Amino acid sequence: YIYLVESSMPNVAKFTKIHSSDRTFIWQKKEQDLSNGAWTTRLGKTIEEMEMDIIFYFDLTMSGVARRLGMQRLAPVQLNSPGHPITSGHDRSIINYYVSWAASELPLEQAQTHYTEELKLVPADTFFQYYEKRILPGNLSRMDGQAFGHLRRSDFGLPEDEDTHIFLCMQQPFKFHPEFDPLICGILENDPNGIVVLRSEDSPANQAVFKKRLERAGCNLDRVHFLDQQPHHRLLALYHEATVVLDSYPAGGDTTTREVLELGKPLVTLPTRLLGGRWTLGYLNNIGLNESTKKALIASTPEEYVNLAVRLATDTSLRESVEADIEQCAPNLFHRDEAVEAWQTILLEISPVQQCQQQAALDRKEEL
């Protein structure tokens, strides 16, 4: 395997160092690369000389450099994936495949209309990736190694009393679409004991715009608390201390969803038409939850989203039942070798080497 990463990346993933034959190239702009696109053209020539069979773009649309490289078609087969859950928009002759997860997509015929690439699906009865737990024994964060079990609501400036229901959504603010505003306000309107905790915008100007949006939607801002981005262990503590965690809409969670489930907390979601708002649906449908639990967490309309969130907060017996079911089933998320096998099957299927061998066999059969 050959891994190509941008110079701005502080760390290269561990999986790039597993095999002694693996190589990692870190690209960077040089002083002589003066004209627009000069360094991606230079880098493209270097990559082309490697004569790779497949180039796999993890998040093609999130990097202008990767996008330009993809347009050069530097290998016989190029594929995109939901590192950023949207199509590249490139012609299928340029980016050939998009690999997604059937559990989080609409039926194939409908889902294919969302992609310019040919859609390949990891089967719905397995998981999209081989996931490792992000919480270590002793309530330690795998990401920063810090303990979080001792942290309480008061450590975040939130009301300590259990009568206050905390509805938490700490997604990146760019996921707080205006369509999400009435859902927040509806929850506050229907639960007088509820407060909503949201991630604050980094930009004061953007934060002011967001507050005005919530006011126009009818929210009482005295009951909306904003917190800055948190270190990972503190984020886990927030999930643990929340009454109900809210999946953002229409762009939902993925990694955050797995963390919430790992903690055994209820997470309400409203699946959308596109992949970016359907990851939570896939996880909830695939870890073995009771049907009653799924009905308590998966909404089909904005009104039902509000009702489910409020009911979970106000019905202690229901919430405890849902939490117990999640806690029992969450381990099913992790260390699933069949996810690796599913990817292997797809990569072998689309491999130009495999396709050449199959064509050669057909040619020999015709000759006979």
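The structure contained in this document is the topic of the report that follows. What you see is a predicted model, and the numbers here were worked out from it, not measured in a lab. (Residues numbered from 1 in each chain as written. Predicted model: local features only at pLDDT ≥ 70, side-chain atom pairs only at ≥ 80, totals over all residues. Heavy atoms only, no water.)

### What to know about the sheet that holds strand β13 (residues 267-268)
In step 1: Spatial strand order, β11-β10-β9-β12-β13: five strands in an open sheet with parallel pairing. Each having just a single partner strand, β11 (224-227) and β13 make up the two edges of the open sheet.
In step 2: Along the sheet, helix α5 (residues 204-217) makes contact with β10 (194-199) and β11, crossing β11 at roughly 160°. (Pairing = 2+ DSSP bridges. Helix = DSSP H or I, 4+ residues; strand = E, 2+ residues; numbered from the N terminus. Contact = heavy atoms within 4.5 Å. Axes fitted to C-alpha atoms, helices over the stretch in contact; angles between N-to-C directions.)

### A few points about the pattern of salt bridges
In step 1: A complete count under the given rule lists eleven salt bridges for this structure.
In step 2: Notably, a salt bridge pairs Arg 213 with Asp 181, separated by 2.8 Å at the nearest N-O pair. Of this pair, Arg 213 sits in helix α5 while Asp 181 sits in helix α4 (residues 181-190), and the two are 32 residues apart along the sequence. As far as burial versus exposure is concerned, Arg 213 and Asp 181 are alike and both buried.
In step 3: A salt bridge links Lys 265 to Glu 323, with the shortest nitrogen-to-oxygen separation between them at 3.5 Å. Of this pair, Lys 265 sits in the loop between α7 (255-262) and β13 while Glu 323 sits in helix α11 (residues 316-329), and the two are 58 residues apart along the sequence.
In step 4: Residues joined in a network through salt bridges with shared partners are Glu 118, Lys 120 and Glu 349. (Salt bridge = Lys/Arg side-chain N within 4 Å of Asp/Glu carboxyl O. Buried < 20%, exposed > 50% of the residue type's maximum accessible area, 1.4 Å probe, protein only.)

### With respect to the packing of helix α6 (residues 232-241) against α7
Describing two packed helices takes the angle between their axes plus the distance from one axis to the other.
In step 1: Contact geometry of α6 with α7 gives a least axis separation of 10 Å together with a crossing angle of 60°. Classified by the angle between their axes, α6 and α7 sit oblique to one another. The handedness of the crossing between α6 and α7 comes out as right-handed. On the side of α6, the interface is formed by His 232, Leu 235, Leu 236 and Tyr 239, while α7 contributes Thr 256, Glu 259 and Val 260. (Parallel < 35°, antiparallel > 145°, perpendicular 65-115°, else oblique. Left-handed = near helix turned anticlockwise from the far one by under 90°.)

### Considerations on unusual backbone geometry
In step 1: With an omega dihedral of 0°, the bond running from Tyr 249 to Pro 250 counts as a cis peptide bond.
In step 2: At Glu 51, a position not held by glycine, the phi torsion is positive, near 55°.
In step 3: Mapped onto the elements, Glu 51 comes out in the loop between α1 (38-49) and β3 (54-57).
In step 4: Since its relative accessible area comes to 68%, Glu 51 is described here as exposed.
In step 5: Phi at His 335 is positive, roughly 60°, even though this residue is not glycine.

### A word on the side chain of Ser 351
In step 1: With respect to the helices and strands, Ser 351 occurs in the loop between α12 (337-350) and α13 (352-367).
In step 2: For Ser 351, the side chain forms a polar contact with the main-chain nitrogen of Val 353, separated by 3.1 Å. (Polar contact = N/O pair within 3.5 Å; in protein donor to acceptor, adjacent residues only side chain to side chain.)

### Concerning the packing of aromatic side chains
In step 1: According to the stated counting rule, one finds twelve aromatic pairs in the structure shown.
In step 2: Here Trp 101 and Tyr 283 contribute two aromatic rings whose centre-to-centre distance is 5.4 Å and whose plane-to-plane angle is 50°, an arrangement assigned as tilted. In this pair, Trp 101 sits in strand β5 (residues 97-101) while Tyr 283 sits in helix α8 (residues 279-286), placing the two residues 182 residues apart along the sequence.
In step 3: Judged by relative accessible area, Tyr 283 falls into the buried class, the value being 0%. (Phe/Tyr/Trp six-rings, centres within 6.5 Å; stacked < 30°, edge-to-face > 60°.)

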